[in-house]
Amino acid sequence: PDPAALFDKTTGITQILIKTDKLSDGGKSRDGSDVLTTIKGTLPGTVVKTIIPSANPGAKFKVTYRLDGDDVLRDATLSGPFYGGGGNVTYTVVLTASDTPVTIKAPSRPGGA
């Protein structure tokens, strides 16, 4: 699949946040010196399939979110039947913010126009 599709506003990874069912408190966990809040839930396979096309659309996938003390999402872990006949697989998406400024420059056009 197209990696850029992961960041699509309607069908990318961000949609899992609003489409998670059966949310429950997963308690606290530690990541180094940070104490994180864990939220657990399930995602329909039809939602997961839009991110990873091989995911079983008829299955339910377990999802775990971990948030820092400011309620900023630190990571998301999805588990379920991503590949036919292969059993459950787990993927973790880790989110970090960069403090380094980024300069985006328009690509040059052929002929200098």
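Scroll up a little and you will see the structure.
None of the values given here were measured: they were computed from a predicted structure.

Peer 1: Looking at this structure, how should I read the pairing of strand 1 (residues 21-31)?
Peer 2: Within a regular strand, the side chains alternate between the two sheet faces. Across eight bridges, strand 1 lies against strand 2 (residues 34-44) in antiparallel orientation. Looking across to strand 2, one finds that Asp 31 is bridged to Asp 34. Between strand 1 and strand 2, which pair antiparallel in sequence order, lie two residues; one of them, Gly 32, sits at a positive phi of approximately 65°.

Peer 1: Would you mind going over the packing of aromatic side chains with me for this structure?
Peer 2: Two descriptors summarise a pair of aromatic rings, namely the distance from one centre to the other and the angle between the planes of the rings. Taken as a whole, this structure holds two aromatic pairs when the rule is applied. Their ring planes at 55° and their centres at 5.0 Å tell us that Phe 61 and Phe 82 sit as a pair that is tilted. Of this pair, Phe 61 sits in strand 3 (residues 60-67) while Phe 82 is found in the loop between strand 4 (73-80) and strand 5 (89-94), placing the two residues 21 residues apart along the sequence. As far as the burial class goes, Phe 61 and Phe 82 line up, both buried.

Peer 1: Is there a simple way to think about the nonpolar core in this case?
Peer 2: Burial of nonpolar side chains together is a common tendency in soluble globular proteins. Core analysis: the largest hydrophobic core is formed by 16 residues, its most contacted members being Ile 16, Leu 43, Val 48, Phe 61, Tyr 65, Leu 78 and Phe 82. Elements supplying a minimum of two residues to this core: helix 2 (45-51), strand 3 and strand 4. Broken down by element, this core gets its largest block of residues, four residues, from strand 3. Beyond its immediate chain neighbours, meaning those up to four positions away, Leu 78 contacts Ile 16, Leu 43, Val 48, Lys 62, Val 63, Val 89, Thr 90 and Tyr 91.

Thresholds applied
- Residues numbered from 1 in each chain as written.
- Predicted model: local features only at pLDDT ≥ 70, side-chain atom pairs only at ≥ 80, totals over all residues.
- Heavy atoms only, no water.
- Pairing = 2+ DSSP bridges.
- Helix = DSSP H or I, 4+ residues; strand = E, 2+ residues; numbered from the N terminus.
- Phe/Tyr/Trp six-rings, centres within 6.5 Å; stacked < 30°, edge-to-face > 60°.
- Buried < 20%, exposed > 50% of the residue type's maximum accessible area, 1.4 Å probe, protein only.
- Core = buried A, V, L, I, M, F, W, Y, C linked by side-chain atoms within 4.5 Å.
- Contact = heavy atoms within 4.5 Å.

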